[in-house]
Structures are given as structure tokens and as C-alpha cells.
Amino acid sequence: MRILIVEDDADLAGRLRTRLVREGYAVDVAANGIDGAHLGATEAYDAAVLDLGLPGKPGLAVLRDWRAAGNTLPVLILTARDGWAERVEGLQAGADDYLGKPFHVEELLARLQALLRRAAPAQAPELRVGGWRLDEGRQCLVAEDGTEQALTGTEFRLLRYFMRHPGAVLSKTHLSEHVYDYDSERDSNVIEVYVRRLRTLLGPDRIETRRGQGYVFRA
Ligand code: CA
């Protein structure tokens, strides 16, 4: 899953990026409202963290533009600690959640995960496939007897995306857009290689190939 952070505080943005990458998300950072608005309108994200106080274009204007264009990207806004009026305006403009500064990164992470769960069709907090459970914290598969199967970063990101969207036809391009960040070289053919590896782990029938369309994951 891919997250957009729009935050001009470079230190905060850097800390958030590091933490989210460690949690297995692909992350892009925009340091001003103009770049943020553009990325959010043109790239495929699963959620955005949007600061309201931004140079170039205020966060509220960014959010209003996205919503006016029909963009339903889940958005968590960052507001001043005592900014209740800001929070109300943000929610009215279409924010899905908010967090006042300063905040603990743990809380941001929990709220973001809740937003992603609400947005994805598979809402169960526990992701299961066959006899496996996906441990999102430790980024591995765990069998019922406790046996663990390690996953590489890309395997984890791809499998989690599949598990959050069971039954949907997902093209290679779509998958690579949600699994890699903007700066990664996005060769959608690499997705084939990872799908093959996931089939080796989960059995050949879990990921069905639809010729010319993409893949369908069966939970
Ligand atoms: Ca700011």
C-alpha cells in the first residue's frame, strides 16, 4: 500500500517516512501544497497524511481540490494542537480523520491503519489465507502451529495488497503503482516474478491469472 505525506516540516516528514517504510508501506513525501495536490491527483495512493499549514497552497485548499475532482483518497489531516476550528473545517472539507500536533507516531500509525482498513474491501483486522495468517507487524506469514514464513519487503507489500482486495481484478500496472513509491523503478513485469514467488508459498490456485487483465486473489 502506498501513502502520500504532505508536510513541510522536513524533520517530521522524514521521521514519518522512515517509520511507514519500516511498516511495509511505499511512501512519497511532498514538502508543499502544490506538489502535494499534484501527486495526490495523479498518482495511485491508498491514503494521504496532509498537514494543513503548508507553503504554496494551504492543506485545506489541497483537500477541497481533491474532493471537488471526485478524488476519494482517504485523508488524515494534521492540525495545530488547539486548532478545533481547523479540524471542523478539515472534516467538512472531506477529511476522514485528524490528528493534532504534536502527536505520537504510534497514534498516527494506528489511525492510518484504521483508515486503510475502512477503505479496503477486506475489513478484517486479521488477514488470513489458507492456513496462514499475515502478521503485519512482523511482515511474515504464520501457520496455525506457529511456523513462520519470512517475506521480503516487496513480497509482503504485494501480498498485503492482494489480501486487502480479494476477488478484484488487479492489473500489473495497478499493483506496481500501489506497491512501489514514486522514485522506485516501476517495472510492472517484476510483479510477475513476485506473483510466481507468492504462488510457490501459498499454492498455485490463490492467485489466478486473467489474461490481458491481471490477477485475482482468492482468500
Ligand atoms: Ca506545516
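Residues numbered from 1 in each chain as written. Predicted model: local features only at pLDDT ≥ 70, side-chain atom pairs only at ≥ 80, totals over all residues. Heavy atoms only, no water.

Engineer: For this particular structure, what's the right way to read the coordination of the calcium ion?
Structural biologist: Think of it this way: four donors in a tetrahedron around the metal ideally sit 109.5 degrees apart, and six in an octahedron ideally sit 90 or 180 degrees apart. Protein coordination at the calcium ion comes from Asp8 (OD), Asp51 (OD) and Gly53 (O), with a distance range of 2.2 to 2.4 Å. Sequence positions of the residues that donate to the calcium ion give the spacing D-x42-D-x1-G. You can see Asp8 sitting in the loop between β1 (2-6) and α1 (10-22) and its partner Asp51 sitting in strand β3 (residues 47-51), a full 43 residues away along the chain. The exposure class of Asp8 is partly exposed, given its relative accessible area of 36%. (Donors = N, O, S within 2.8 Å, 3.2 Å for Na, K, Ca; no water. Helix = DSSP H or I, 4+ residues; strand = E, 2+ residues; numbered from the N terminus. Buried < 20%, exposed > 50% of the residue type's maximum accessible area, 1.4 Å probe, protein only.)

Engineer: Hey, could you run me through the environment of Ala47 in this one?
Structural biologist: The topology assignment puts Ala47 in strand β3. Overall, the relative accessible area of 0% leaves Ala47 in the buried class. The spatial distance from the C-alpha of Ala47 to the C-alpha of Ala168 is 19 Å, given a sequence separation of 121 residues. Setting aside chain neighbours within four positions, we find Ala47 in contact with Arg2, Ile3, Leu4, Leu73, Pro74, Leu112 and Leu116. (Contact = heavy atoms within 4.5 Å.)

Engineer: It is not clear to me how the pairing of β3 should be interpreted in this structure. Could you clarify?
Structural biologist: Residues in a regular strand point their side chains to alternate faces of the sheet. With respect to burial, β3 is a largely interior element, 5 of its 5 residues being buried. Burial along β3 is two-sided: the face carrying Ala47, Val49 and Asp51 and the face carrying Ala48 and Leu50 are both buried. Here β3 runs beside strand β4 (residues 75-79); their pairing, made up of 4 bridges, is parallel. Bridge pairing links Asp51 to Leu78 in β4. Note on the crossover from β3 through helix α3 (residues 59-68) to β4: the handedness is right-handed. (Pairing = 2+ DSSP bridges. Right-handed = clockwise from strand over helix to strand, strands pointing away.)

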